[in-house]
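Examining the three-dimensional arrangement
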Amino acid sequence: MTETTTEKARIGAPSAQPYINGFTEEGENLSPINADGTVAAPSSGPLAGDSAKGHSHGGGVGVPDSSRAGRLTSYKLEDFKALTGLEEDWRFTPLRRLRGLHTEALGGAAPSVSVSAPEGVTVETVGRDDNRIGTAGIPEDRVSANAWANFKEATVITVPAETSLDSEVSVVLAGNGSEASAQHVVIVAEKFSKGLVVLGHEGSAVVSENVEIVLEDGAELTVVSLQEWNDDSVHASSQQAKIGRDAKFKHITVSLGGNLVRVTPTARFAAPGGEVELFGLYFADAGQHLEHRTYVDHAQPNCVSNVLYKGALQGKDAHTVWVGDVLIQKQAEGTDSYEKNQNLVLTDGCRADSVPNLEIETGLIEGAGHASATGRFDDEHLFYLMARGIPEDVARRLVVRGFLNEIIQKIKVPGLEERLTEAVERELAAGDN
């Protein structure tokens with residue numbers, strides 16, 4: 001595989017190297033836009049922070065000259081321009097296949113929600129006016145804002161404070177329609193709780209979904225988002241997490257089914273000492289479009305993040321997209337961050353786009369880096385296995401299993417790991433590998 005990588009840089013000590021134009025040695029932005037010190041930060045809200053500017057809809061547009069921090073956020077659909085496909089955030093997405101999620105009123109029936117949870121977990125169906133809605137994030141794109149404008153009710157799942165769950169919370173979102181629809185889910189892990197929530201998407205649907213995840217101080221939460229849709233489904237999901245003091249968040253995305261799936265996991269540190277892990281596995285077949293855009297916002301000091309996504313592609317016009325954004329804000333001293341994406345192309349006619357992005361506004365960090373690799377089978381691996389009597393088709397499957405199994409093992413729930421392993425086997429059986 002051909003790999004381009006940037007090793008983690010240990011930064012902080014004075015250096016004899018020339019400064020980066022426009023920044024001090026400590027990474028302070030000297031842009032004229034911010035040099036007068038008039039940038040104000042809102043005191044509350046999911047996007048509050050030193051680099052956020054006041055916004056008429058409760059959020060912040062961030063630093064105007066920063067490509068990721070300056071993105072528009074708003075609860076109002078009309079604040080987002082109609083999509084053309086030329087936007088940086090949408091240039092890989094085939095808009096014609098969104099089936100109205102970006103243009104229509106989402107009046108269809110949302111996928112049904114059924115929840116199986118251990119004792120103590122509360123599950124509620126609430127209206128739009130519930131004060132927990134909007135605490136973790138604000139829509140960052142037109143499709144998410146359209147879902148916000150059109151959802152009728154939300155499902156709120158709460159893991160009580162100081163509770164350690166002995167089994168997972170299983171949430172099945174089952175689609176049974178083809179009309180464009182909107183869905184909203186809120187997951188709250190209260191102080192010092194520990195839990196696992198599995199969001200299983202299945203059936204047929206055209207749905208734009210907002211998932212809000214709140215980790216209060218000291219909480220430990222794992223969220224698994226599993227996309228096993230039927231082949232005719234279209235799914236856009238914004239999954240935003242707000243990380244409290246010393247909280248630990250693990251998010252695992254597994255995308256296997258659907259015609260077009262676009263998942264955008266976001267993690268924002270709201271207090272120091274947090275840890276975030278974002279893992280992803282995807283397997284695209286002929287004609288499938290599977291897109292994942294991760295974003296980690298280091299807005300607080302002494303936080304750690306690790307992002308690893310791995311994908312496989314087979315069949316004509318199979319297309320995968322991974323865009324990883326990490327922003328280390330000026331006040332986020334002591335940050336340790338790394339992101340990596342790997343893609344394995346199994347047949348001709350596939351396309352894998354991989355774009356890691358890293359923005360650093362302070363030099364006083366523990367480390368930051370990214371890597372991206374896309375390629376075919378390693379001939380040496382195949383030769384090693386075939387030299388020991390393993391047929392080529394079996395050897396190829398072994399390589400793919402080993403490549404993807406690293407993500408499956410991150411879940412650490414035997415039953416769910418077995419289920420995903422079987423799903424990968426079905427994907428492999430569908431091809432000639």
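The present account deals with the structure reproduced in this document.

Okay, the overall build of the protein next. A tally of regular secondary structure across the protein gives 4 helices and 17 strands. Looking at the protein as a whole, 56% of its 433 residues are labelled buried. Put simply, of all contacts in the protein between residues at least 6 apart along the chain, 83% involve residues at least 24 apart. For the protein, the exposed surface amounts to about 18200 Å²; the carbon and sulfur share of it is 48%.

Moving on, we come to the packing of aromatic side chains. In the structure shown here, the tally under the stated rule is 2 aromatic pairs. Plain terms: the ring middles of Trp-148 and Phe-151 are 6.1 Å apart, the flat faces sit at 80° to each other, and that makes the pair edge-to-face. Joined through ring pairs, the aromatic side chains of Tyr-75, Trp-148 and Phe-151 make up one cluster. We note Arg-128 situated over the ring of Phe-151; from NZ or CZ to the ring centre the distance is 4.4 Å.

What follows concerns the pairing of strand S13 (residues 304-313). Burial within S13 is extensive, with 8 of its 10 residues counted as buried. Summarising the sheet, S13 and strand S15 (residues 336-345) pair through 10 bridges and their orientation is parallel. Bridging across to S15, Val-307 finds its partner in Glu-339.

On to the nonpolar core, then. In this structure, Ile-187, Ile-213, Leu-215 and Phe-249 are the most contacted members of the largest nonpolar core, which totals 48 residues. If you tally residues by element for this core, the top one is strand S6 (residues 194-215), at 7 residues. Setting aside chain neighbours within four positions, we find Leu-215 in contact with Ala-189, Leu-221, Lys-242, Ile-243, Gly-244, Ala-247, Lys-248 and Phe-249. With 31 residues, the next largest nonpolar core counts Val-224, Leu-256, Val-399 and Leu-404 among its residues.

The next subject is the side chain of Gln-300. Within the secondary structure, Gln-300 is located in the loop between strand S12 (289-298) and S13. A distance of 3.4 Å separates the side chain of Gln-300 from the backbone oxygen of Ala-270, its partner in a polar contact. Setting aside residues no more than four positions away along its own chain, Gln-300 makes contact with Phe-269, Ala-270, Ala-271, Pro-272, Gln-331, Ala-332 and Thr-335.

What follows concerns the pattern of salt bridges. All chains considered together, the criterion is met by 18 salt bridges. We note a salt bridge from Arg-396 to Glu-392, for which the minimum N-O separation is 3.1 Å. A residue pair is termed a helical-turn pair when its members lie 3 or 4 positions apart in one helix, as Arg-396 and Glu-392 do in helix H3 (residues 392-408) at 4 residues. By relative accessible area, which is 37% here, Glu-392 ends up partly exposed. Connected through shared salt-bridge partners, Arg-71, Asp-89, Arg-262, Glu-291 and Arg-293 make up one network.

Looking now at unusual backbone geometry. The phi torsion at Glu-162 lies on the positive side, around 60°, for a residue other than glycine. Within the fold, Glu-162 resides in the loop between strand S4 (154-159) and strand S5 (169-189). The exposure class assigned to Glu-162 is exposed, which follows from its relative accessible area of 66%. Phi angles above zero are rare outside glycine, and Lys-412 is one such case at about 60°. Here Lys-412 lies in the loop between H3 and helix H4 (414-430). Lys-412 sits in the exposed class, given a relative accessible area of 64%.

It is worth spelling out H4 at this point. Between its first and last C-alpha atoms H4 spans 25 Å; for 17 residues at 1.5 Å apiece the expected length is 24 Å, and the two agree. Restricting attention to buried positions, one finds in H4 the residues Leu-416, Glu-417, Leu-420, Ala-423, Val-424, Glu-427 and Leu-428. Buried residues of H4, seen end-on, are gathered within an arc of 145° and therefore sit on one face of the element. Every exposed residue of H4 that faces more than 90 degrees away from the buried side is listed here: Pro-414, Glu-418 and Arg-426.

Once that is clear, we can look at the environment of Ala-182. As for its placement among the helices and strands, Ala-182 is situated in strand S5. A relative accessible area of 9% places Ala-182 in the buried class. Along the sequence, Ala-182 and Val-143 sit 39 residues apart, while their C-alpha atoms lie 9.8 Å from each other. Every residue in contact with Ala-182, bar those within four places of it in the chain, is listed here: Leu-106, Ala-110, Ala-147, Asn-150, Phe-151, Val-207 and Ser-208.

A few words on the environment of Val-214. Within the secondary structure, Val-214 sits in strand S6. Residues Val-214 and Thr-158 lie 56 residues apart in sequence; the distance between their C-alpha atoms is 9.5 Å. Setting aside residues no more than four positions away along its own chain, Val-214 makes contact with Thr-135, Ala-136, Ile-187, Val-188, Ala-189 and Lys-242.

Another aspect to go through is the packing of H3 against H4. Close contact between H3 and H4 brings their axes to 11 Å; oriented N to C, the two are set at 145°. As H3 packs across H4, the resulting crossing turns out to be right-handed. On the side of H3, the interface is formed by Arg-397, Val-400, Arg-401, Leu-404, Asn-405 and Ile-408, while H4 contributes Glu-417, Leu-420, Thr-421, Val-424, Glu-425, Leu-428 and Ala-429. A class-by-class count of the residues in the contact of H3 with H4 yields 7 nonpolar, 2 polar and 4 charged.

Another aspect to go through is the environment of Leu-101. Inspection of the secondary structure puts Leu-101 in the loop between strand S1 (2-6) and strand S2 (112-116). Not counting residues within four places of it along the chain, the set of residues in contact with Leu-101 comprises Leu-106, Val-143, Asn-146, Ala-180, Ser-181, Val-206, Val-207, Ser-208, Val-234 and Ala-236.

Calculation notes
Residues numbered from 1 in each chain as written. Predicted model: local features only at pLDDT ≥ 70, side-chain atom pairs only at ≥ 80, totals over all residues. Heavy atoms only, no water. Helix = DSSP H or I, 4+ residues; strand = E, 2+ residues; numbered from the N terminus. Buried < 20%, exposed > 50% of the residue type's maximum accessible area, 1.4 Å probe, protein only. Contact = heavy atoms within 4.5 Å. Areas by Shrake-Rupley, 256 points an atom, 1.4 Å probe, with all protein chains shown as cover. Phe/Tyr/Trp six-rings, centres within 6.5 Å; stacked < 30°, edge-to-face > 60°. Lys NZ or Arg CZ within 6 Å of the ring centre and 35° of its normal. Pairing = 2+ DSSP bridges. Core = buried A, V, L, I, M, F, W, Y, C linked by side-chain atoms within 4.5 Å. Polar contact = N/O pair within 3.5 Å; in protein donor to acceptor, adjacent residues only side chain to side chain. Salt bridge = Lys/Arg side-chain N within 4 Å of Asp/Glu carboxyl O. Expected span 1.5 Å × (residues − 1). Arc of directions from axis to C-beta. Axes fitted to C-alpha atoms, helices over the stretch in contact; angles between N-to-C directions. Left-handed = near helix turned anticlockwise from the far one by under 90°. Nonpolar A, V, L, I, M, F, W, Y, C, P; charged D, E, K, R; others polar.

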